[in-house]
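Summary of the model geometry
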Amino acid sequence: MGPELLDAVTWYVAAGVLAWLMYPLIHRAFRSVPGRGLALTRPLGLLLATLPSWWLTAAGVMPYATPLVISVALVIGAVIWTVELRRGELADFLVTNRRMVLTIEIATLALFTGYLAFRGFNSAIAYTEKPMESAFLASALRATTMPPGARCFAGSGITYSPLELFIVPPPPRLASVPASTAFNLSLAHLFASSVIGIAGTAWSVARATRPPSRTTVIVSLLLGPLFLVGIGNLVTPMRLIRDPGGTLSAGWWQGVGWQASRVIVDDIPGRGGPSQTINEFPAFSFILGDLHPHVLALPLLIAIVALAFTLFAGSPGTRGCLATIALAGIVSGALYATNAWDMPIAVILILGA
């Protein structure tokens, strides 16, 4: 096994262990919907496993370090797994739905490795903001304070997406993976988590209908990922219709790649004429390979949609409802510290539900 493959395996295993340590909390929060949050185990599990260490360091209680992340996650995981297993419901659910668990894990691994293979054609961390994001990640991997120190301004901290800078690093810190490798592994994990998360959410909504139609369930399962990461705006199909050969040979920067994210032009007074705006979409971001806040926050925003539906479909006043509200509050706060533009959407969805 080569060093890069070993890094990917250890990184993936570390991320999975941290996430599954927190599943009992996710299981409790999604008790009123089919699937019980299994499809959101990785993004929510990593968030819940990392936040306690993040809070302890931010409060100045102790410095951030890999042993802190491991010990806190293990203690919390041991307690919640012991409590839930004694109740019996969690064990029964996992045994009954073992095929679903296995399917989700296999699909996640397939998407993870598939995206890595795709990135392998252009894995360089170059152009746009990627060098800056790589520098932030490298600082976070060495950080002992909260937020991590900025490499360009000695003595100051990074205020750019501070929370996700600590949610992303634990797997590479546990696996001793360098920042250059962790960058692409994190992108692959974000892609897999987003696709599985939206597919599971769409499946849960379809299954909750009365009576659930097999066709509706299958179509929802496929359309969720397609609408999220499979399609964008109409620039690509329009150009392909007008000039198929020229469009395919134009390349990324001059063709439908970069240009598809700059289709809205504003004529703002004082700007000296019309100017392009930034209107990127998930498919563009995952192809370009940006570890931007709006990409980092994508699985968490999907989790908010799932939590909102859980609140809408659940029974008010139950303990499960309180657990759902608590988790929704945690994720909404995490969105503010990850990509603040997403927090108003999250609050509106949760309050509406």
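Residues numbered from 1 in each chain as written. Predicted model: local features only at pLDDT ≥ 70, side-chain atom pairs only at ≥ 80, totals over all residues. Heavy atoms only, no water.

**Concerning the overall build of the protein chain**
Put simply, the test is: Going along the chain from the N terminus, every DSSP run of H or I of four or more residues is numbered as a helix, and every run of E of two or more is numbered as a strand. Only the C-alpha atoms count toward the radius of gyration. The rule for a globule is 2.2 Å times the residue count to the power 0.38. Each residue gets one of three labels from its accessible area relative to the maximum for its type: buried under 20%, exposed over 50%, partly exposed in between, using a 1.4 Å probe on protein chains only. Every residue pair with non-hydrogen atoms within 4.5 Å of one another is taken to be in contact. Using the Shrake-Rupley algorithm and a 1.4 Å probe, accessible areas are obtained, with residue cover drawn only from the displayed protein chains. In summary, the charge assignment counts Lys and Arg as positive and Asp and Glu as negative, without counting His or the chain termini. Charge positions are represented by NZ for Lys, CZ for Arg, CG for Asp and CD for Glu.
Helices and strands together make up the secondary structure of the protein chain, namely 20 helices and two strands. Taking 2.2 N^0.38 as the reference for a compact globule, 353 residues should give roughly 20 Å; the C-alpha atoms of the protein chain span a radius of gyration of 21 Å, in line with that estimate. In terms of overall dimensions, the protein chain has a C-alpha envelope of 65 × 55 × 50 Å along the principal axes. Sorting the 353 residues of the protein chain into buried and exposed places 48% on the buried side. When contacts within the protein chain are restricted to residue pairs at least 6 apart in sequence, long-range pairs at least 24 apart make up 69% of them. In the structure as shown, the protein chain presents an accessible area of about 17200 Å², 68% of it carried by carbon and sulfur atoms. Of the side-chain charges in the protein chain, 21 are positive and 15 negative, and the distance between the mean point of each set is 10 Å.

**Observations concerning the packing of aromatic side chains**
Inclusion rule: Between 30 and 60 degrees the pair is tilted, below 30 it is stacked and above 60 it is edge-to-face, where a pair is any two Phe, Tyr or Trp rings, Trp via its six-membered ring, whose centres lie within 6.5 Å.
Under the counting rule described, the total for this entry stands at 13 aromatic pairs. Plain terms: the ring middles of Trp11 and Phe112 are 6.0 Å apart, the flat faces sit at 15 degrees to each other, and that makes the pair stacked. Of this pair, Trp11 sits in helix H1 (residues 3-21) while Phe112 sits in helix H6 (residues 98-119); the two residues are 101 residues apart in sequence, bridging distant segments of the chain. The residues Trp11 and Phe112 share a single accessibility class, namely buried. Ring geometry for Trp252 versus Phe284: centroids 5.4 Å apart, planes at 25 degrees, classification stacked. Residue Trp252 is found in helix H14 (residues 251-254), and its partner Phe284 is found in helix H16 (residues 282-288); the two are separated by 32 residues along the sequence.

**Brief notes about H6**
Convention followed: What a helix is expected to span follows from its residue count: subtract one and scale by 1.5 Å. Summarising the geometry, the arc corresponds to the directions from the helix axis toward the C-beta atoms.
The end-to-end C-alpha distance of H6, which contains 22 residues, comes to 32 Å, matching closely the 32 Å that a straight helix rising 1.5 Å per residue would cover. Within the span of H6, buried status applies to Val101, Ile104, Thr108, Phe112, Tyr115 and Arg119. Around the axis of H6, the buried residues are gathered within 75 degrees of arc, so they sit on the same side. For H6, the exposed residues set more than 90 degrees away from the buried face come down to Arg98, Arg99, Leu102 and Ile106. Residues of H6 that are buried in the fold lie against H1, helix H3 (41-58), helix H5 (89-96), helix H7 (130-142), helix H10 (179-207) and H16.

**Some remarks on the side chain of His189**
Structurally, His189 can be placed in helix H10. For His189, a relative accessible area of 6% corresponds to the buried category. Not counting chain neighbours up to four residues away, the residues in contact with His189 comprise Trp11, Ala15, Arg42, Leu46 and Phe112.

**Observations concerning the nonpolar core**
Among soluble globular proteins, nonpolar side chains are generally buried collectively. Here is the rule we go by: Only buried Ala, Val, Leu, Ile, Met, Phe, Trp, Tyr and Cys residues count toward a nonpolar core, and they belong to the same one when joined by side-chain atoms within 4.5 Å.
Counting residues in each nonpolar core, the largest one holds 78 residues, and the members touching the most others are Phe30, Leu44, Phe286, Leu327 and Val331. When residues in this core are grouped by element, the largest group, 12 residues, is from H10. Look past the residues within four positions of Leu327 in its chain and what remains in contact with it is Ala29, Phe30, Leu44, Leu48 and Leu307.

**Some words on the packing of H1 against H10**
Rules: Every axis in this analysis is a line fitted to C-alpha atoms, fitted for helices over the stretch in contact. Angles between the N-to-C directions lie between 0 and 180 degrees. Orientation categories follow fixed angle ranges, with anything under 35 degrees roughly parallel, anything over 145 roughly antiparallel, 65 to 115 roughly perpendicular, and all other angles oblique. Crossings are sorted by hand: turned counterclockwise from the far helix by less than a right angle, the near helix makes the crossing left-handed, and turned clockwise it makes it right-handed. Any residue that is not Ala, Val, Leu, Ile, Met, Phe, Trp, Tyr, Cys, Pro, Asp, Glu, Lys or Arg is counted as polar, Gly included; the first ten are nonpolar and the last four charged.
Contact pair H1 / H10: the axes reach a minimum separation of 11 Å and the direction vectors enclose 50 degrees. Accordingly, the angle class assigned to the pair H1 and H10 is oblique. Read as a crossing pair, H1 and H10 show a hand that is right-handed. Contacts between H1 and H10 pair Asp7, Ala8, Trp11 and Ala15 from the former with Thr181, Ala182, Leu185, Ser186 and His189 from the latter. A per-class count over the contact of H1 with H10 returns five nonpolar, three polar and one charged.

**Concerning the environment of Met22**
You can see Met22 is positioned in the loop between H1 and helix H2 (23-29). According to the relative accessible area criterion, Met22 is buried, its value standing at 0%. Taking the C-alpha atoms as reference points, Met22 and Ala346, 324 residues apart in sequence, are found 22 Å from one another. Setting aside residues up to four positions removed in sequence, Met22 forms contacts with Gly45, Leu48, Ala49, Ala73, Ile76, Gly77 and Ile80.

**So, unusual backbone geometry**
One non-glycine residue with positive phi stands out, namely Tyr127, at about 70 degrees. Relative to the helices and strands, Tyr127 is located in the loop between H6 and H7. Within the chain, Thr128 stands out as a residue other than glycine whose phi angle is a positive 45 degrees. With respect to the element layout, Thr128 can be found in the loop between H6 and H7. Under the relative-accessibility criterion, Thr128 is labelled partly exposed at 32%.

**Let's talk about the pattern of salt bridges**
Selection rule: The salt bridge definition used is simple: a Lys or Arg side-chain nitrogen within 4 Å of an Asp or Glu carboxyl oxygen.
This model, assessed by the stated rule, comprises six salt bridges. Put simply, Glu280 and Arg262 hold a salt bridge, and the shortest N to O gap is 3.5 Å. Of this pair, Glu280 sits in the loop between strand E2 (275-276) and H16 while Arg262 sits in the loop between helix H15 (256-259) and strand E1 (265-266); the two residues are 18 residues apart in sequence, bridging distant segments of the chain. A relative accessible area of 25% means that Glu280 is categorised as partly exposed. According to the relative accessible area criterion, Arg262 is buried, its value standing at 12%.

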